[in-house]
Amino acid sequence: MLTILCHFEISSGSLIHSSFIVQSHSLCTEQHSVLRRKRERDGEHNNRVASDFIMWNSTLDYDFFKIEGDSKAQILHTAMGLSTCDFWNSHYYQDSENQHRCWDAFFSGLSCVVSVPFYTAFLPLLFWTGHCKLARQMTLLIAFCDYTGNCIKDVVSAPRPRSPPVRRVTATKDEEDNAMEYGLPSSHTLNTVCLSGYLLHYILDYTESNDLSIRVAGIIMACLVVGLIGFGRIYLGMHSLIDIIGGLALGLGILAVWLSVSEYIDNFVVYGQNVVSFWAALCFLLLFAYPTPEVPTPSFEYHTAFNGVSLGIVIGIHQTFHQFHHEDVARVFSPQLMLPAFVGRLLLGIPTILLVKFCSKALAKWILPIISNTLGIPVRSTSYIPTLNGTHKKSDALKQSGYLQKMFSKQTSFDVDTGIRLLQYAGLAWSVVDLVPSMFLHIGL
């Protein structure tokens, strides 16, 4: 903590000496006492003026000697002006810092609305509320947005705003991971456009409302949310204006395409033939049909996770649609599903899906290396399996391999973490739409 001592000396109406000393509080107090004793000893106390302005914890304490004369009053007025300026400056910076903290917390919390933890919690809630069509459509839409947006990010490889000079706020671990991605387009803006747009479409279609005022109010609300998310990403230093505009344009394009084909996709998932095998092949293909960025980023990991979620959702919905996900299921706040029963679903369902996620990951970590070794496919692990550190070389057996091994022979090894992550999130999603609803049925929830 620093103390500011301002000392003015006047002799015969003229200013002799003026100095500003910035010292610690104890040193300032000691010098102040020495000056007082010196003036009293020399007999000059009556024709000198000293004004000591001490700022301690942003509070100014004034100790003035009685002065006479216009010049002395002018000096005193100047000194008081300087101290008042320091006082208001200190409070201005404190207020600015407090405002920064409030806005940082607000926009950081708003960004979590379209983050991976939010999807993990929000999508199961939709399935368990009885709005199954909305839940499965939004899940597949988010997976499509994530794949498209991250592919463009890694192809364009446009960096985020440089920090510094831009002030970047990463309040959560999820934001720190997002900061490692490229910037164009903004995934948060893209996902918000698609989520809010489809949610508005579903609500208006579900309620069968033809009231123009309700439609306009819904559009304004969706635009407000998108605008806040976009502005928040710029405020947090995560994106530039070009990134936001790119995410907005891409989101509107994807939303328009999805609204035109969503019914066909939903009918195929529910009533189609060979759905599971087709979707598994599609997910496997999308793992390879992904660009390689200039610098490794977490984008591919996010794509893999949502790829697994879409696979688990499609498998579970296709197998149990007529049991748990048809249009006549009980919806929350209806007489068949009151609020206490829904709370019971949450208390039972959330721990169950987290347990399934843990078990799926453990099972995949055990079985995938065994299958890879059996087929002669070289694998490595960047994080999940420390023993597979990526230093293994091709074996002699691989050189004499069959067609399957030759297909993989151009690459040194494959990251087994990708397969583990895919199966982990596929198991999580499957439990949301198959295992947990079966438990609800047996318990009576």
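Every chain's residues receive numbers from 1 upward, in the order its sequence appears when written. This being a predicted model, a pLDDT of at least 70 is required before a residue's local features are given, and a value of 80 or more before pairs of side-chain atoms are given or counted; all residues contribute to the totals for chains, interfaces and linings. Note that the side-chain values use all heavy atoms of the structure and ignore hydrogens as well as water.

### With respect to the overall build of the chain
What counts, and what does not: Comment: elements are numbered from the N terminus, with helices defined as DSSP H or I runs of at least four residues and strands as E runs of at least two. The buried label applies to any residue whose accessible area, calculated with a 1.4 Å probe on protein chains only, is under 20% of its type's maximum; exposed applies above 50%, and partly exposed to all values in between. When checking whether two residues touch, look at their non-hydrogen atoms; a contact exists if any pair is within 4.5 Å. Here the open area of atoms and residues is found with the Shrake-Rupley method and a 1.4 Å probe, where only the protein chains shown may cover a residue.
In terms of helices and strands, the chain carries 14 helices and six strands. Looking at the chain as a whole, 43% of its 445 residues qualify as buried. The contacts of the chain with a sequence gap of at least 6 include a subset with a gap of at least 24, amounting to 76%. In the form shown here, the chain has an accessible surface area of approximately 24,300 Å², with 65% of it arising from carbon and sulfur atoms.

### What about empty space enclosed by the protein?
As a reminder, the rule being used: Using a 1 Å grid laid over the protein atoms alone, points where a 1.4 Å probe fits but cannot get out form a cavity; open sets with protein on both sides within 12 Å along at least 5 of 7 lines form a pocket; any residue with an atom within 4 Å of a point counts as lining. Grid points are joined across faces, edges and corners, and a volume is the space filled by probe spheres set on the points. Note on residue categories: nonpolar means Ala, Val, Leu, Ile, Met, Phe, Trp, Tyr, Cys or Pro, charged means Asp, Glu, Lys or Arg, and polar means any other residue, Gly included.
A full pass over the atoms with the stated rule returns six cavities of 30 Å³ or more. The computed volume of the second largest cavity comes to approximately 150 Å³. Around the second largest cavity sit 15 residues that line it, and Val114, Asn178, Ser187, Asn191 and Tyr302 are the ones nearest its centre. When contributions to the lining of the second largest cavity are tallied by element, the ones reaching two or more residues are helix H3 (116–129), helix H4 (132–156), helix H5 (173–178), helix H6 (187–207) and helix H10 (299–325). In the lining of the second largest cavity, the residues fall into six nonpolar, six polar and three charged.

### What to know about the side chain of Thr189
The following threshold applies: Here a polar contact means two N or O atoms within 3.5 Å. Within protein one must be a hydrogen donor candidate and the other an acceptor candidate, and residues neighboring in sequence count only if both atoms are side-chain atoms.
Structurally, Thr189 can be placed in helix H6. Taking the relative accessible area as the measure of exposure, Thr189 reaches 1% and is therefore buried. In this structure the side chain of Thr189 is engaged in a polar contact, spanning 3.0 Å, whose partner is the side chain of Ser186. Non-local contacts of Thr189, meaning those with residues more than four positions away in its chain, are made with Ile229, Gly230, Ile244, Gly247 and Leu248.

### Remarks on the pattern of salt bridges
Worth spelling out the cut-off: When a carboxyl oxygen of Asp or Glu lies within 4 Å of a side-chain nitrogen of Lys or Arg, that pair is called a salt bridge.
For the structure on display, the rule yields four salt bridges. One salt bridge in this structure joins Asp266 and Arg136, with 2.5 Å as the shortest N-O distance. Highlighted residues: Asp266 in helix H8 (residues 241–271) and Arg136 in helix H4, separated in sequence by 130 residues. Grouping residues by exposure puts Asp266 and Arg136 together as buried. With a closest N to O distance of 3.7 Å, Lys153 and Glu181 form a salt bridge. Of this pair, Lys153 sits in helix H4 while Glu181 sits in the loop between H5 and H6; the two residues are 28 residues apart in sequence, bridging distant segments of the chain.

### Some points on a nonpolar patch on the surface
Note the following rule: Grouping into patches uses exposed residues only, defined as over 30% relative accessible area, and leaves out salt-bridged ones; the cut-off is 9 Å for like charges and 5 Å for nonpolar side chains (Val, Leu, Ile, Met, Phe, Trp, Tyr).
Nonpolar side chains collect at one region of the surface, where Leu363, Trp366, Ile367, Ile370, Ile371 and Leu375 lie side by side and expose about 540 Å² of accessible area between them. Within the secondary structure, Ile367 is located in helix H11 (residues 339–375). We classify Ile367 as partly exposed; its relative accessible area is 31%.

### Focus on the side chain of Thr129
Mapped onto the elements of the fold, Thr129 is located in helix H3. A polar atom in the side chain of Thr129 sits 2.7 Å from the backbone oxygen of Leu126.

### Thoughts on the nonpolar core
Which entries qualify depends on this criterion: By nonpolar core is meant a set of buried Ala, Val, Leu, Ile, Met, Phe, Trp, Tyr and Cys residues that side-chain atoms within 4.5 Å join together.
By size, the foremost hydrophobic cluster in this structure holds 48 residues, and its most contacted members are Phe127, Trp128 and Tyr198. Counting residues per element, the ones that place at least two in this core are H3, H4, H6, H8, helix H9 (275–288), H10, H11 and helix H14 (416–443). With residues up to four places along the chain from it excluded, the contact list for Trp128 reads Leu337, Phe342, Arg345, Leu346, Gly349, Ile350, Ile353, Val432, Val436 and Phe440. Of all hydrophobic cores here, the second largest spans ten residues; its members include Ala364, Tyr384, Leu388 and Phe414.

### Quick notes on the packing of aromatic side chains
Threshold: Between rings of Phe, Tyr and Trp, where Trp is taken as its six-membered ring, a pair exists when centres lie within 6.5 Å; planes separated by under 30 degrees are stacked, by over 60 edge-to-face, and by other angles tilted.
Using the criterion set out here, one finds 15 aromatic pairs in the structure. The structure contains a cluster of three or more aromatic residues connected by ring pairs, namely Trp103, Phe106, Phe107, Phe231 and Tyr235.

### Examining the layout of surface pockets
The space that makes up the second largest pocket amounts to roughly 400 Å³. Of all the secondary structure elements, the ones that give two or more residues to the lining of the second largest pocket are H3, H6 and helix H7 (212–235). Looking at the lining of the second largest pocket element by element, the count peaks at eight residues for H6. Looking at side-chain class alone, the lining of the second largest pocket contains 16 nonpolar, five polar and no charged residues.

Shape descriptors only; they carry no functional weight alone.
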